[in-house]
Number of protein chains: 2
Amino acid sequence: MNTGQFAFVINIKNDKVIKAFGERVRELRKEKGLSQEDLANKADVPLSQIGRIERGEVNTTISTMYSLATALELSLRDLFA
Amino acid sequence: MNTGQFAFVINIKNDKVIKAFGERVRELRKEKGLSQEDLANKADVPLSQIGRIERGEVNTTISTMYSLATALELSLRDLFA
């Protein structure tokens, strides 16, 4: 296998932070009266990933966070309590 | 190659957001009078990655963001203008 094709990515994973973020997204989504499917469509993020994000299974990137914030009609800043 | 070993990751990449975040980290780092090396050591993030983040080359994850915020003595919320 030619490993050269995979850029060397250093990935720190902080489960506590990831879980807290997932809970925050769920809380904000419900506040807005959106289903996971509504949020998935608005953010143009697959439904399966919304579920994984809310369950704290995904180390979400800033680009996906921006899509979620925009769909929730919030700034990135307000995505964090 | 056994593709099964690579979890299917959906990665949205928003260069504008990534660049803005990099500039923000640089601005905050300088405000705190830290070099890239100081920030790398405090955040326990490789120096090379600090450079890539500030140049807007990396789609930073929430876990790395949390490490940066903590090193800059800020909340995740304050990491965003």
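You'll find the structure just up there.
Residues numbered from 1 in each chain as written. Chains lettered and ligands numbered in written order. Predicted model: local features only at pLDDT ≥ 70, side-chain atom pairs only at ≥ 80, totals over all residues. Heavy atoms only, no water.

As for the interface of chain A and chain B
Which entries qualify depends on this criterion: Residue contacts are counted whenever heavy atoms from the two residues lie within 4.5 Å of one another. A simple way to read buried area is as the amount of 1.4 Å-probe accessible surface that goes missing from two parts once joined, with both sides added. Each salt bridge in this description consists of a side-chain nitrogen of Lys or Arg and a carboxyl oxygen of Asp or Glu lying within 4 Å of one another. Each helix is a run of DSSP H or I of at least 4 residues and each strand a run of E of at least 2, with the numbering of both proceeding from the N terminus. Side-chain classes follow a simple rule in which Ala, Val, Leu, Ile, Met, Phe, Trp, Tyr, Cys and Pro form the nonpolar group, Asp, Glu, Lys and Arg form the charged group, and the remainder, Gly included, forms the polar group.
Listed by partner, the interface residues are 31 residues for chain A and 31 residues for chain B. Taken together, the two surfaces of chain A and chain B that pack against each other cover about 2600 Å², and 64% of this comes from carbon and sulfur. Put simply, aspartate 78 of chain B and arginine 77 of chain A hold a salt bridge, and the shortest N to O gap is 3.1 Å. Elements that contribute at least two residues to the side of chain A that touches chain B include exactly α1 (15-31), α3 (47-54) and α4 (62-71) of chain A. Per element, the largest residue contribution to the side of chain A that touches chain B is six residues, and it comes from α4 of chain A. Here the side of chain A that touches chain B is built from residues that sort into 16 nonpolar, ten polar and five charged.

Points about the packing of aromatic side chains
Using the following cut-off: Two aromatic rings from Phe, Tyr or Trp, using only the six-membered ring of Trp, form a pair when their centres are within 6.5 Å; if the ring planes differ by under 30 degrees the pair is stacked, by over 60 it is edge-to-face, and anything between is tilted. With a 1.4 Å probe rolled over the protein chains alone, any residue whose accessible area is under 20% of its type maximum counts as buried; one over 50% counts as exposed, and the rest are partly exposed.
As enumerated under the stated definition, the model contains three aromatic pairs over all chains in all. Between the aromatic rings of phenylalanine 21 of chain A and phenylalanine 80 of chain A, the centroid separation amounts to 5.8 Å while the plane-to-plane angle is 35°, which identifies the pairing as tilted. Of this pair, phenylalanine 21 of chain A sits in helix α1 while phenylalanine 80 of chain A sits in the segment after α4, and the two are 59 residues apart along the sequence. Across the pair, phenylalanine 80 of chain A and phenylalanine 21 of chain A agree in class, each one buried. Relative to phenylalanine 80 of chain B, the ring of phenylalanine 80 of chain A has its centre 5.5 Å away and its plane inclined at 5°; by these criteria the two rings are stacked. In this pair, phenylalanine 80 of chain A sits in the segment after α4 while phenylalanine 80 of chain B sits in the segment after α4 (62-71), so the two residues belong to two different chains. The same class applies to phenylalanine 80 of chain A as to phenylalanine 80 of chain B, namely buried. Site record: aromatic cluster; members linked through ring pairs are Phe21 and Phe80 of chain A together with Phe21 and Phe80 of chain B.

With respect to the relation of the copies chain A and chain B
There are two copies of the chain, and a rotation about an axis plus a shift along that axis relates them. Inclusion rule: Superposition of the copies was done by least squares, using only C-alpha atoms of residues whose pLDDT is at least 70 in both.
Superposing chain A onto chain B takes a rotation of 180° combined with a translation of 0.0 Å along the rotation axis, leaving an RMSD of 0.0 Å. The two molecules are tied by a two-fold rotation axis, judged by turn and shift. Closest approach to the rotation axis within chain A is made by the C-alpha atom of threonine 61 of chain A, at a distance of 2.1 Å. When you check the interface residues of chain A against chain B, 100% turn up at the interface there too, and the contact is symmetric in its surfaces.

Structural notes on the pattern of salt bridges
Residues and elements named next belong to chain B. This model, assessed by the stated rule, comprises 14 salt bridges over all chains. Lysine 42 is the partner of glutamate 73 in a salt bridge, and the nearest nitrogen-oxygen pair spans 3.1 Å. One end of the pair, glutamate 73, is in the segment after α4; the other, lysine 42, is in helix α2 (residues 36-43), and 31 residues separate them in sequence. Assessed through its relative accessible area of 60%, glutamate 73 is described here as exposed.

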